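Examining the three-dimensional arrangement
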Protein chains: 2
Amino acid sequence: MAVESIQILLKEPQASGSLSAKNFDVVENAPIPQESDLRDQEILVKVLYLSVDPYMRPRMTCVNQSYVEGFKKGKPINGFGVAEVLASKHPHYQPGDHVTGASIPWTTFSVLNPSNQSLFSKLEGDLAKVPLQWHVGVLSMPSFTGWYGLVKIGQPKPGETLVVSAASGAVGQVVVQLGKAYGLRVVASAGSETKVEYLKKVLKADEVFNYKKVDSISGTLKKLCPKGIDIYFDNVGGEFLDAVLENASLYARIAACGAISQYEKDSQNAYRLKNQYLFFGKRISMKGFLIFDHYKDDYVAFVKDISKRVNDGEFHYKLDVTKGLENGPRAMMKLFEGTNFGKSLIEV
Amino acid sequence: MAVESIQILLKEPQASGSLSAKNFDVVENAPIPQESDLRDQEILVKVLYLSVDPYMRPRMTCVNQSYVEGFKKGKPINGFGVAEVLASKHPHYQPGDHVTGASIPWTTFSVLNPSNQSLFSKLEGDLAKVPLQWHVGVLSMPSFTGWYGLVKIGQPKPGETLVVSAASGAVGQVVVQLGKAYGLRVVASAGSETKVEYLKKVLKADEVFNYKKVDSISGTLKKLCPKGIDIYFDNVGGEFLDAVLENASLYARIAACGAISQYEKDSQNAYRLKNQYLFFGKRISMKGFLIFDHYKDDYVAFVKDISKRVNDGEFHYKLDVTKGLENGPRAMMKLFEGTNFGKSLIEV
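Residues numbered from 1 in each chain as written. Chains lettered and ligands numbered in written order. Predicted model: local features only at pLDDT ≥ 70, side-chain atom pairs only at ≥ 80, totals over all residues. Heavy atoms only, no water.

An unreviewed UniProt entry annotates chain A as Enoyl reductase (ER) domain-containing protein of Dispira parvispora.

Some points on the side chain of Ser110 of chain B
Residues and elements named next belong to chain B. Spelled out, the test is: Numbering goes from the N terminus for both helices and strands, where a helix is a DSSP run of H or I of at least four residues and a strand is a run of E of at least two. Relative accessible area decides the class of each residue, using a 1.4 Å probe on protein chains only: under 20% of the type maximum gives buried, over 50% gives exposed, and in between gives partly exposed. Polar contacts, as counted here, are pairs of nitrogen or oxygen atoms within 3.5 Å of one another; within protein the pair requires one atom able to donate a hydrogen and one able to accept it, and residues that are adjacent in sequence qualify only if both atoms are side-chain atoms. Contacts: residue pairs with any heavy atoms within 4.5 Å of one another.
Along the chain, Ser110 turns up in strand 6 (residues 109–112). A residue is classified by how much of its surface remains accessible, and Ser110, at 6% relative accessible area, is buried. Among the polar contacts listed, one links the side chain of Ser110 to the side chain of Thr107, at a separation of 2.6 Å. Apart from the residues within four sequence positions on either side, Ser110 is in contact with Ile43, Leu44, Val45 and Pro105.

Observations regarding the relation of the copies chain A and chain B
Each copy of the chain is related to the other by a rotation around an axis and a translation along that axis. As a reminder, the rule being used: A least-squares fit on C-alpha atoms brings the copies together, and the residues used are those whose pLDDT is at least 70 in both copies.
Mapping chain A onto chain B calls for a rotation angle of 180 degrees and an axial translation of 0.0 Å; the resulting RMSD is 0.0 Å. Taken together, these values place the two copies in the relation of a two-fold axis. A high fraction, 100%, of the interface residues of chain A reappear at the interface in chain B, so the copies pair face to face through one surface.

Observations concerning the sheet that holds strand 12 (residues 248–256) of chain B
Heads up, the condition is: Any two strands with at least two DSSP-identified bridges between them are counted as paired. Axis lines are fitted through C-alpha atoms, for helices just across the contact stretch, and the angle between N-to-C directions can take any value from 0 to 180 degrees.
Read across the open sheet, the 12 strands follow the order 10(A)-9(A)-8(A)-11(A)-12(A)-13(A)-13(B)-12(B)-11(B)-8(B)-9(B)-10(B); overall the sheet is mixed. Pairing within the sheet leaves two strands with one partner each, and these edge strands are strand 10 (207–210) of chain A together with strand 10 (207–210) of chain B. Between one strand axis and the next, the sheet turns through 15 degrees on average, direction left out of account. Alignment of strand 8 (residues 161–164) of chain B against strand 9 (residues 185–190) of chain B, held across four bridges, turns out to be parallel. Within the sheet, the bridge partner assigned to Leu162 of chain B lies in strand 9 of chain B and is Val186 of chain B.

Description of the interface of chain A and chain B
What counts is decided by this rule: As a working definition, buried area equals the accessible area (1.4 Å probe) given up by two parts on being put together, with both sides summed. By definition here, a salt bridge exists when the distance from a side-chain nitrogen of Lys or Arg to a carboxyl oxygen of Asp or Glu is within 4 Å.
Contacts between chain A and chain B engage 34 residues on the former and 35 residues on the latter. Of the roughly 2900 Å² buried where chain A meets chain B, counting both sides, 56% is carbon and sulfur surface. For chain A, the biggest contributors to the area lost against chain B are Arg272, Gln276 and Phe280 of chain A; these three give 26% of the whole. Taken together, chain A and chain B are joined by four salt bridges. As a salt-bridge pair, Arg272 of chain B and Asp242 of chain A come within 3.9 Å of each other at their nearest N and O atoms. At the junction of chain A with chain B, the criterion picks out 13 residue pairs in polar contact (both at pLDDT 80 or more). If you list the elements that add at least two residues to the side of chain A that touches chain B, you get helix 6 (238–247), strand 12 (248–256), helix 7 (278–281) and strand 13 (285–288) of chain A. Relative to strand 13 (residues 285–288) of chain B, strand 13 of chain A runs antiparallel, the two sharing three bridges. Bridge pairing in strand 13 of chain B places Lys287 of chain A opposite Ser285 of chain B.

Concerning the pattern of salt bridges
Pairing is possible between side chains of opposite charge, provided their charged atoms come close. Residue and element names in this part refer to chain A. Counted according to the given criterion, the structure contains 43 salt bridges over all chains. Salt-bridge contacts for Lys213 lead to Glu193; the nearest nitrogen and oxygen are separated by 3.9 Å. In this pair, Lys213 sits in the loop between strand 10 and helix 5 (217–224) while Glu193 sits in helix 4 (residues 193–201), placing the two residues 20 residues apart along the sequence. The class for Lys213 is exposed, based on a relative accessible area of 61%. Connected through shared salt-bridge partners, Lys157, Glu160 and Arg253 make up one network.

Side note on the domain arrangement of chain A
As a measure of interface size, the accessible area lost when the parts come together is often cited. Residue and element names in this part refer to chain A. Which entries qualify depends on this criterion: Marked domain ranges trace back to an automatic or database domain assignment.
What the domain assignment reports for chain A is domain 1 (6–137 + 318–347) and domain 2 (141–292). A straight line from the C-alpha centre of domain 1 to that of domain 2 covers 29 Å. Taken together, the 22 residues of domain 1 in the interface contact 16 residues of domain 2. Area buried by domain 1 at its contact with domain 2 is led by Tyr67, Lys318 and Phe341, which between them contribute 29% of it. Counting the contacts that link domain 1 with domain 2 gives zero salt bridges. Between the two partners, domain 1 and domain 2, sit two residue pairs in polar contact (both at pLDDT 80 or more).

Some remarks on the pairing of strand 8 of chain B
All names here are of chain B. We apply this condition: A right-handed crossover is one whose linking path, passing over the helix from the first strand to the second, runs clockwise when the strands point away from the viewer.
Burial along strand 8 is two-sided: Thr161 and Val163 and Leu162 and Val164, pointing in opposite directions, are all buried. With helix 3 (residues 172–181) bridging strand 8 and its parallel neighbour strand 9, the resulting β-α-β unit is right-handed. Examined bridge by bridge, strand 8 and strand 11 (residues 229–234) share three bridges and lie parallel to one another. Among the inter-strand pairings, Leu162 is bridged to a residue of strand 11, identified as Ile231.

Here's the deal with the nonpolar core
Note the cut-off: Joining through side-chain atoms within 4.5 Å is the link that ties buried Ala, Val, Leu, Ile, Met, Phe, Trp, Tyr and Cys residues into a set, and such a set is a nonpolar core.
In this structure, Ile77, Trp106, Leu139, Val176, Ile306 and Met332 of chain A are the most contacted members of the largest nonpolar core, which totals 88 residues. The element that contributes the greatest number of residues to this core is helix 2 (residues 141–154) of chain A, accounting for seven residues. Summarising the domain contributions, this core has at least three residues from each of domain 1 (6–137 + 318–347) and domain 2 (141–292) of chain A. Residues in contact with Ile306 of chain A, not counting those within four places in the same chain, are Val138, Leu139, Trp147, Leu178 and Phe315 of chain A. Counting residues in hydrophobic clusters, the runner-up holds 87 residues, among them Tyr93, Ala102, Ala170 and Met333 of chain B.

Given below as structure tokens:
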């Protein structure tokens, strides 16, 4: 008989170092909640898609971060996802409705109280006009991150040079393509030849390099950005950021969106930036941002803009789809190994 | 017979390490230029005051920086100053006029072509209503730096916590007092007990500490800023900045105005920042700026604001006056030793 329900629980928190199967408990055939279990305001959902994102790594420490809660040992992990309502004791939700949210548990079935959920909404209006999968794909949080960081923080002007690290990833793909759409010279970095090929051929970045294959990131950027770097979309932090500071133009803008290179290190082993002193001479601005802050004011504009680009056939968004929730832990490990290619999601 | 003219020439450029007398040539009784030496558009001036500022240290390398030219070996060094016109072949300047500029040579007498001078202007209108010395004092470039960085980059809101490093210096004094005027809780750091006393008693900072006497800057900031740091006016860079990042509030703003702790180090010995990864989680903004960019748009507003505060008797500006141009090299060395106290200037 097929497994009818899966739950992915956090078994062992882990502060630093690589994740492995021992961090997770994959529970098969856990009891399926029933309509009769629902209390007032609760809904019963079947989870359809889950998003696998870098910000889940710091949550594995079980320590609350300034921007997101740690996971809880022994409980299901959670993240962005799409679900279908099976039963409801909440006046706003009916069976058959689809919902999306930022703290959907990694379980096949869940009882949720929408008012305890973060960034939770019913897919209606414009949001219901696109394929369900888009909500963990081209309209996902990482895609919104790329859009916001480039457009609002980068303030691109035609002819400027944009550098994007982790450029084939969930955020980077969006930044590269929007960069081209805004008339920028786009220099992209990725960590495999397949990704480099994709960035050149499909996303049409002007220059692409494999950061693992170059002697010096700084030397490579110097060669590829002869007029200096005007905008850097920083997905990785660490040594790459240092190399960018060295090659930054006057008045360069840095959108600091993540530091995936540092998530698995403890504070003793974190990369130490040597070029901070260049900030004032070059009048560099660096702005850290978390996209959670911007759903309220900017999400609708983002959805409109990107949906139009996708529907016009101008916009690509490569997905890395894992089938089966039982394979969720593996999807997460791949993300931190950098062996995923494209936006990682799970078809539950 | 008294020495009638002095010139301070750059004898030995120096990339890193402490300056000493051997870097300078003090030329006494150099020939005094005469009115008959003037070519069209030139003026003959007697220099009255010179400003001694931290940004002169990188100029001692003789390498052009992105923001300012290096000094030239064998030539007089130069900087902000005030001079009196003795003779003129320029229609806009008459004998008796006073002028100010950013590249006044460290020589008792000079022939200048105003169109080759940077930020050069005749003291007229509002600028002529204040004592001459103010132009290398409370209205000097460092003071403008403090005003701009706090008001425009810091965007202070009453009740917020401001941290100022090098707080008794030429920039810091202005930041501390404006911070109080804007209703901020001001936490100031300096490097001697006398400076600490001055910051507490005269400038009325809420909390002051001697960074040389504490076990840990980060631990001290944690104790003194229980609600976190909202604005950091960074005059020093390095370890202090790291400690601020560790104790920054969400949405903290950092005005990166200088890194005096790093000027005498080469790039191998520069402090390496470990807390860069906190930028996005805490949504920190750091903006490097150079006040030279802002004379055109903001200098008049600054002069009006600060002149009013000084005239109202609310504003202090401690000066560290060196008498005699021949003592100029010593004034510069003191600045980098941190043994000056207050804004350093030379009465020529």
